[in-house]
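Chains, contacts and geometry: an overview
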Amino acid sequence: MSKKVADVLWEMLAKAGVKRCYGIVGDALNPVVDALRRNGAIEFVPVRHEEYGVFAAVAEAYFTGNPVVVCGTAGPGVVHLFNGLMDARKEGAPIIAIAGDVESSIIDTSALEELNPYKFFEAASLYTARLVNPEQARAVISTAILTAVLEKGPTVLSIPGDVASADAADQPTDFTIAAPAILRPSDTDFEKLVRMIDEAKTVAIFGGDGCREGRDEVVELACKLKAPVGYSFRGKQWLEHENPNAVGMTGLMGYGGAYNALHEADLLLMLGTDFPFSEFLPGASVKKVQIDKNPKHIGRRTALDLGLVGDIKSTVSALLPAVCEKTDGDFLARQLAHTESFHKLLQHYVEKGPSIKPIRPEFLAATLSELASDDAMFFADTGTACIWLARHIHGGRDRRLFGSFSWASMANAAPNAFGCALAYPGRQCIALCGDGGFTMLGMGDLLTQIERRTPVVQVILNNEKFDFVHIEQQEAGIIPFGVEFKNPNFAKVAEAMGAKGIRIEEPEDVREGLAEALAYKDGPVVVDAVVDPLALAMPSHSPFHTVKGFTLSFAKQVLSGRLDTVIKELGRNVGIV
């Protein structure tokens, strides 16, 4: 019996290291899914919503480095893949999307559920192919795989059902995935970099996700240069732990001495970061060098004195023996002292948390960080959950932190945690969910977790509003509007669905409730934590427009008769920075 095109597809994907395919079946996909069943080497994970499946796949692919497949049937199913594929592109996750397509005989006739994959996926996909002839199969499939794995991002294969079920051409299906190349700046640029570092009296480092593989080398360089190390949100999990020079984050979620360190140094080394908030980066008074393996990142956020293309591990490894050790540690000591001072401020609502109701989210997150295992994996929804993750969930050599940090989609945390719970059985996978995000996407596919008895811990920040949008409106100087909603008792909803539900309303129950959730291993847990809806979190450095916006918003609220709300909000945030 000859192989079908769909059989060749799964055979090649299995050889590439694919372990799972997330998605929903449908008519256009039936031949593809039937071949997946016959193959048997790749697990199919049916979900209730395709977007949930893509977010699960993104987290799995990002951390394992292995390609993961997602699928959606023609038209509406394919459309649901888009948001997760954008996340995969921004976070650098090797995802291969199998998109169902209309029969090849009716392509370009505006048939029911027909969609042009080239136009639709243009922004989200590194490579998009429409497989309309069996002779294409080997070349197209291998290109999709290699692009996803080597360029770290999503690719799309759009496959009509009649082509998927057609006899495959007699072609070999073997292919080779090359190891990542060593990428270093030219000798001339490298020598200039060494001179700039040696001539600078003080150096600061600002690192991002590009430091993932070169984490130890960056810390060693920082110690040699007496350089404080700040990091972007994506760099936190690599550069915060076991780093004596760590000074926190800058930006709207910033904490510690990072902002001052970046602005007061003679020379700033930006390593593997495409930090998008230019207003938090220094101007011409600080010399700036950026090193990144992606040439498109160089100099697009701020003007540079030197831009170099190279991966961080190789470049910094070469730099370590080439630069002179600095002996004056005063600059570093000042930034570390500033960081320590800010950390004490951050503890204000953590230490007072047991006696404050409603529950302070700072206290909740800090307690969760303390109770979680050393190799726990944390996932945060976009919004204030990211603030509490950044400030109060402490990383570690074996801990992992993830979210939609570059695309900033809602509702990612629960599916992210689900994907990693499948990829890393036995590890704690904890989702810090906004109530808006959980009701948007997490609640429906809680049924998927229940069906598989997947031990995901979902901690819902129940404040009955889109909290970060509320803060953004205040920053813009307008009266918050359209951000509030009513929630059910999430614990009771979870119990009715078949999961374990825990509701925490009293601060004295926080520790016991979280400990119970983390200890439960027989399936998913939903922790409904009723937190203070008026809690604020200001960055360590607030731009003038932010302070002005808050002031203006408060004034407008007072003049519109909401003085009681303003007084409550100010009264509940004594001690924040």
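Scroll up to find the structure this text is about.
What counts, and at which threshold
- Residues numbered from 1 in each chain as written.
- Predicted model: local features only at pLDDT ≥ 70, side-chain atom pairs only at ≥ 80, totals over all residues.
- Heavy atoms only, no water.
- Helix = DSSP H or I, 4+ residues; strand = E, 2+ residues; numbered from the N terminus.
- Rg over C-alpha atoms; globule rule 2.2 N^0.38 Å.
- Buried < 20%, exposed > 50% of the residue type's maximum accessible area, 1.4 Å probe, protein only.
- Contact = heavy atoms within 4.5 Å.
- Areas by Shrake-Rupley, 256 points an atom, 1.4 Å probe, with all protein chains shown as cover.
- Lys, Arg positive; Asp, Glu negative; His and termini not counted.
- Charge placed at Lys NZ, Arg CZ, Asp CG, Glu CD.
- Pairing = 2+ DSSP bridges.
- Right-handed = clockwise from strand over helix to strand, strands pointing away.
- Polar contact = N/O pair within 3.5 Å; in protein donor to acceptor, adjacent residues only side chain to side chain.
- Axes fitted to C-alpha atoms, helices over the stretch in contact; angles between N-to-C directions.
- Core = buried A, V, L, I, M, F, W, Y, C linked by side-chain atoms within 4.5 Å.

1. Considerations on the overall build of the chain
From N to C terminus, the chain includes 24 helices and 19 strands. Over its C-alpha atoms the chain spans a radius of gyration of 25 Å, differing by no more than 12% from the 25 Å that the globule rule assigns to 577 residues. Overall size of the chain, expressed as C-alpha extent along the three principal axes, is 75 × 65 × 45 Å. Evaluated residue by residue, the chain yields a buried proportion of 56% over its 577 residues. For the chain, long-range pairs separated by at least 24 residues make up 75% of all intrachain contacts whose partners lie at least 6 apart in sequence. Here the chain displays about 22600 Å² of accessible surface, and carbon together with sulfur accounts for 54% of that area. Where the 56 positive side-chain charges of the chain centre and where its 72 negative ones centre are 3 Å apart.

2. Looking at the pairing of strand β16 (residues 429-434)
Counted residue by residue, β16 has six buried out of six residues, so it is predominantly covered. Along β16, one buried face is formed by Cys429, Ala431 and Cys433 and the opposite face, lined by Ile430, Leu432 and Gly434, is buried too. Bridge count for strand β14 (residues 377-380) against β16 is four bridges, and the pairing is parallel. Bridge pairing in β16 places alanine 380 opposite leucine 432. Summarising the sheet, β16 and strand β17 (residues 456-462) pair through six bridges and their orientation is parallel. Note that in β17 the partner of leucine 432 across the bridge is valine 459. A crossover links β16 with its parallel partner β17, the connecting element being helix α19 (residues 435-452), and its sense is right-handed.

3. A word on the side chain of serine 404
Within the secondary structure layout, serine 404 lies in the loop between β15 (400-403) and α18 (413-423). Overall, serine 404 belongs to the buried group, its relative accessible area being 2%. Within the local environment of serine 404, its side chain forms a polar contact with the side chain of aspartate 87, the two groups lying 2.5 Å apart. For serine 404, the contacting residues outside a window of four places in its chain are Asp87, Glu91, Ala380, Thr382, Ser409 and Asn412.

4. As for unusual backbone geometry
With an omega of 0 degrees, the peptide bond between lysine 357 and proline 358 qualifies as cis. Along the chain, the position of proline 358 falls in the loop between α15 (348-351) and α16 (361-371). Backbone geometry places alanine 411, a non-glycine residue, at a positive phi of 70 degrees. Mapped onto the elements, alanine 411 comes out in the loop between β15 and α18. Given a relative accessible area of 2%, alanine 411 falls into the buried group.

5. Comments concerning the sheet that holds strand β7 (residues 203-207)
Across the sheet, which stays open at both edges, the seven strands sit in the order β10-β9-β8-β7-β11-β12-β13 with mixed pairing between neighbours. The strands lining the two open edges of the sheet, one partner per strand, are β10 (255-256) and β13 (306-309). Sheet topology note: the β7/strand β11 (residues 267-271) ladder contains five bridges and is parallel. Within β11, the position partnered with alanine 204 by the bridge is leucine 268. Against the sheet, helix α10 (residues 215-225) makes contact with β7, β8 (229-231) and β11, and its axis sits at roughly 165 degrees relative to β7, the strand it touches most.

6. Concerning the nonpolar core
Side chains of a nonpolar character, in soluble globular proteins, are inclined to be buried together. In terms of nonpolar packing, the biggest core is built from 122 residues, with Leu85, Ile95, Leu269 and Phe379 touching the most fellow members. If one sorts the elements of this core by residue count, helix α3 (residues 50-64) sits on top with ten residues. Excluding residues within four positions of it along the chain, isoleucine 95 makes contact with Ala57, Val58, Ala61, Val68, Val70, Leu85, Ala88, Ala148, Gly153, Pro154 and Thr155. With 33 residues, the next largest nonpolar core counts Leu13, Cys21, Ala137 and Ala164 among its residues.

7. Quick look at the pairing of β17
Counting buried residues along β17, seven of its seven residues qualify, which places the element largely inside the surrounding structure. Burial of β17 is two-sided: the residues Val456, Gln458, Ile460 and Asn462 facing one way and the residues Val457, Val459 and Leu461 facing the other way are all buried.

8. A look at the environment of alanine 74
Summarising the element assignment, alanine 74 is placed in the loop between β3 (68-72) and α4 (76-79). Residues within four places of alanine 74 in sequence aside, it is in contact with Ala28, Gly100, Asp101, Val102 and Glu113.

9. Some details on the sheet that holds β16
With parallel pairing, six strands are arranged side by side in an open sheet as β15-β14-β16-β17-β19-β18. If you trace the sheet from one side to the other, it starts and ends with β15 and β18 (500-504), each paired once. When the angles between neighbouring strand axes are averaged without regard to direction, this sheet yields 20 degrees. Those strands touched by helix α21 (residues 490-497) are β17, β18 and β19 (525-530), and its axis lies near 170 degrees from that of β18. Across the sheet, helix α22 (residues 510-519) touches β16, β17, β18 and β19, and the angle it forms with β18 is around 165 degrees.

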